[in-house]
Amino acid sequence: MTLGRSARDKRPQVKPVQKIELSGEKTGLRAIAAVVFLLIGVGALVYAVDQMFTIEPGWQTIQAGAADGPTCGDEFVFLYEVGVSGRSAREESREATRLYTEACRKAYQMFHASERFEDMVSLKELSGRPNEVLAVDRALYQAFEAVQEAGDRTVYLGPVYARYNDLFLCQDDVQLVDFDPRLSEEVAEEYAAIAAYAEDPYSIDVELLEDSRVCLRVSEDYLAYAQREGIDRFLDFGWMRNAFVADYLAETMMEAGFTCGTISSHDGFARCLDNREGSYALPLLDWLEDRPIEAGTLEYQGPMSLVSLRGFPAAEGDEYRYYRLKNGEVRTLYLDPYDSGLCKLGSDSVGSVVCYSPAHGCAELAMGVGQAYISRFSGDDWSKGLGSGEIRIIDCWSDSHEFVCTSRETVVTNLYENEDGVRYTLKVGPAPD
């Protein structure tokens, strides 16, 4: 049944559509208006995007990108003042980021002790191909040159460093027995055997050849031992790794003209690239009342290399470099290649040591001061071991709350004190007995 329109029919009455003819003149005006509005919109969008990426002159953190693979950028902080060299801040930041990213990627690869890469010979590659001649990056070759010149055998403790890396992953003290030579005679014997090989250049050594070629020489006896024990990591720069990396990053940036900043690692290695007037500051850390504190501030002018060694966790990533037992003892990566590969820094260690110099790189400082620190030398022995008046040392002694400096030119400010009567002091001279 067809229903006619009635009160129950709620459909709206729609008027017929009218066709309206526009004159050509009005159409042209509307087209012009549309183009004008489009240009305004595009211009506004371009301006907004430009403003979004505009970089003002001043200090900023240069971050390494990860588009081309992993880098060591997350272990370092690169602070740089852009826009003061005559270039635009945006251009300078972009170029610094590109160069720094590439340097961080190369450093990550060449100094990696447990991973191989297609376009770079790493420490892992060398460990996996003993008694073969391989061409390495010039920076890695120079690192081995520095090690040989210093007579440092730390790099050959690779198998022990691998075990300590597992130790730092432990969640409870009872798990340490499989990794800590202080808690297990069996582990102590294992580390002592590896350290004996590491100390002997006839058992293991890196031979330096022409054209950045090297050969990891490993004796038949050590190879047989490694096969029995499942060892596949002969080389590892251990706690000194980022000292070499910091030098490489700093030299790369300075050679390209980027000198208005500082590069520092979370584990205590820093290079100030700046030769302008003006001062920089480095926190001096100590362990007090079961926590790390900033016990003072070192003020200095660049360029400068700085190395901070401490027997306690205090910075980002330290959970992978330190393990603190319930009894207060601390295990670290500061291993002694001349004493069974033992970690010497327990509860009886000095609090911290800072070594700095305008004439030497971080790696040279680390190799010079490191063995002295690990062996618990102090006072005048520090500077005698380093053999240079251009190297200055600040030794922080936790028990006496005292900073001992080897130079009267050292400037330490903001000395810590609290309401309980703890007050840090500063003196020049030999460390306390």
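Cut-off values and rules
Residues numbered from 1 in each chain as written. Predicted model: local features only at pLDDT ≥ 70, side-chain atom pairs only at ≥ 80, totals over all residues. Heavy atoms only, no water. Helix = DSSP H or I, 4+ residues; strand = E, 2+ residues; numbered from the N terminus. Buried < 20%, exposed > 50% of the residue type's maximum accessible area, 1.4 Å probe, protein only. Contact = heavy atoms within 4.5 Å. Areas by Shrake-Rupley, 256 points an atom, 1.4 Å probe, with all protein chains shown as cover. Salt bridge = Lys/Arg side-chain N within 4 Å of Asp/Glu carboxyl O. Core = buried A, V, L, I, M, F, W, Y, C linked by side-chain atoms within 4.5 Å. Patch = residues over 30% accessible without salt bridge, like charges linked within 9 Å, V, L, I, M, F, W, Y side chains within 5 Å. Lys, Arg positive; Asp, Glu negative; His and termini not counted. Charge placed at Lys NZ, Arg CZ, Asp CG, Glu CD. Phe/Tyr/Trp six-rings, centres within 6.5 Å; stacked < 30°, edge-to-face > 60°. Pairing = 2+ DSSP bridges. Axes fitted to C-alpha atoms, helices over the stretch in contact; angles between N-to-C directions. Polar contact = N/O pair within 3.5 Å; in protein donor to acceptor, adjacent residues only side chain to side chain. Disulfide = S-S within 2.5 Å. pLDDT = per-residue confidence, 0-100. Expected span 1.5 Å × (residues − 1).

Enquirer: Explain the overall build of the protein chain here, please?
Expert: Helices and strands together make up the secondary structure of the protein chain, namely 10 helices and 19 strands. Here the protein chain holds 433 residues, and the buried ones make up 48% of them. Across the protein chain, contacts joining residues at least 24 apart in sequence account for 63% of those joining residues at least 6 apart. Surface exposure of the protein chain reaches about 22,700 Å², of which carbon and sulfur atoms provide 50%.

Enquirer: Got a minute to help me understand the pattern of salt bridges in this structure?
Expert: Between side chains of opposite charge, pairing is possible as soon as their charged atoms come close. Applying the stated criterion across every chain, the model contains 25 salt bridges. E95 is the partner of R98 in a salt bridge, and the nearest nitrogen-oxygen pair spans 2.6 Å. Here R98 pairs with E95, and both are found in helix α2 (residues 89-110), just 3 residues apart, close to one helical turn. The partner of E132 in a salt bridge is R129, and the shortest N-O contact between them spans 3.0 Å.

Enquirer: Where do I start with the nonpolar core in this structure?
Expert: Nonpolar side chains tend toward joint burial in soluble globular proteins. Counting 95 residues, the largest nonpolar core has L126, L235, F237 and W239 as its most contacted members. No other element matches the 9 residues that α2 contributes to this core. Counting residues in each nonpolar core, the second largest holds 22 residues, with Y280, I293, A295 and Y300 among its members.

Enquirer: Got a minute to help me understand a negative patch on the surface in this structure?
Expert: A cluster of acidic residues, D178, E185, E186 and E189, forms a negative patch at the surface. Structurally, the position occupied by E185 is in helix α6 (residues 185-199). Overall, the relative accessible area of 66% leaves E185 in the exposed class.

Enquirer: Mind showing me how you'd approach the packing of aromatic side chains here?
Expert: The geometry of an aromatic ring pair is captured by the separation of the ring centres together with the interplanar angle, meaning the angle of the planes. One pass over the full model with this rule turns up 21 aromatic pairs. Seen from their ring centres, Y164 and Y191 are 5.9 Å apart, and the 40° between their planes marks the pair as tilted. Of this pair, Y164 sits in helix α5 (residues 158-167) while Y191 is found in helix α6, placing the two residues 27 residues apart along the sequence. As far as burial versus exposure is concerned, Y164 and Y191 are alike and both buried. Joined through ring pairs, the aromatic side chains of F78, Y80, Y100 and F258 make up one cluster.

Enquirer: Would you mind going over the sheet that holds strand β1 (residues 58-62) with me for this structure?
Expert: Consider a sheet: its strands pair through backbone hydrogen bonds, and that pairing is either parallel or antiparallel. On the basis of which strands lie adjacent, the open sheet formed by 9 strands has the order β1-β2-β6-β7-β10-β15-β16-β17-β19 and mixed pairing. Two strands in the sheet have a free side with no partner beyond their single neighbour: β1 and β19 (425-428). Put simply, the sheet's adjacent strands are angled 15° from each other on average, direction ignored. Across 4 bridges, the pairing between strand β7 (residues 269-272) and strand β10 (residues 304-310) is antiparallel. Paired with R271 across the two strands is S305, which belongs to β10. Sheet strands touched by helix α9 (residues 362-374): β7, β10 and β15 (352-357). Its angle to β10, the strand with the most contacts, is close to 30°.

Enquirer: So what exactly am I meant to see when it comes to the side chain of E125 here?
Expert: Mapped onto the elements of the fold, E125 is located in helix α3 (residues 123-128). A distance of 2.9 Å separates polar atoms of two side chains, one belonging to E125 and the other to R129. If we skip the residues at most four places from it in the chain, E125 touches R116 and L134.

Enquirer: Just checking my understanding: could you explain the state of the cysteines for this structure?
Expert: Note on terminology: disulfide describes a covalent bond linking the sulfur atoms of two cysteines. Applying the stated rule across the entire model yields 0 disulfides. C72 forms no disulfide, and the closest cysteine sulfur to it belongs to C104, at a distance of 4.1 Å.

Enquirer: Can you walk me through the confidence of the model for the protein chain in this structure?
Expert: Put simply, the protein chain has an average pLDDT of 86, and 82% of its residues get 70 or more. Segment residues 1-15 is flagged for pLDDT under 50; beyond a separation of four residues in sequence, or across chains, it makes 2 contacts in the model. With pLDDT under 50 throughout, residues 44-53 is counted as low confidence; its partners more than four residues away or in other chains account for 2 contacts.

Enquirer: Teacher, can you tell me more about the pairing of strand β4 (residues 204-208) here?
Expert: Two faces make up the sheet, and in a regular strand the side chains alternate between them. As paired elements, β4 and strand β5 (residues 213-218) share 5 bridges and run antiparallel to each other. Residue E207 lies in a different strand from β5, and its bridge partner there is C215. The hairpin turn running from β4 into β5, its antiparallel successor, is 4 residues long, and D211 in that turn takes a positive phi close to 60°.

Enquirer: Looking at this structure, how should I read helix α4 (residues 138-150)?
Expert: For an α-helix, 3.6 residues make a turn, and residues three or four places apart therefore share a direction. Between its first and last C-alpha atoms α4 spans 18 Å; for 13 residues at 1.5 Å apiece the expected length is 18 Å, and the two agree. Where α4 is concerned, the buried positions are A139, L140, Y141, A143, F144 and V147. Where α4 is buried, its residues contact α2, α3, β4, β5, α8 (241-255) and α9. Here α4 starts with a cap whose side-chain oxygen sits 2.9 Å from the backbone nitrogen of A139, and that cap is D137.

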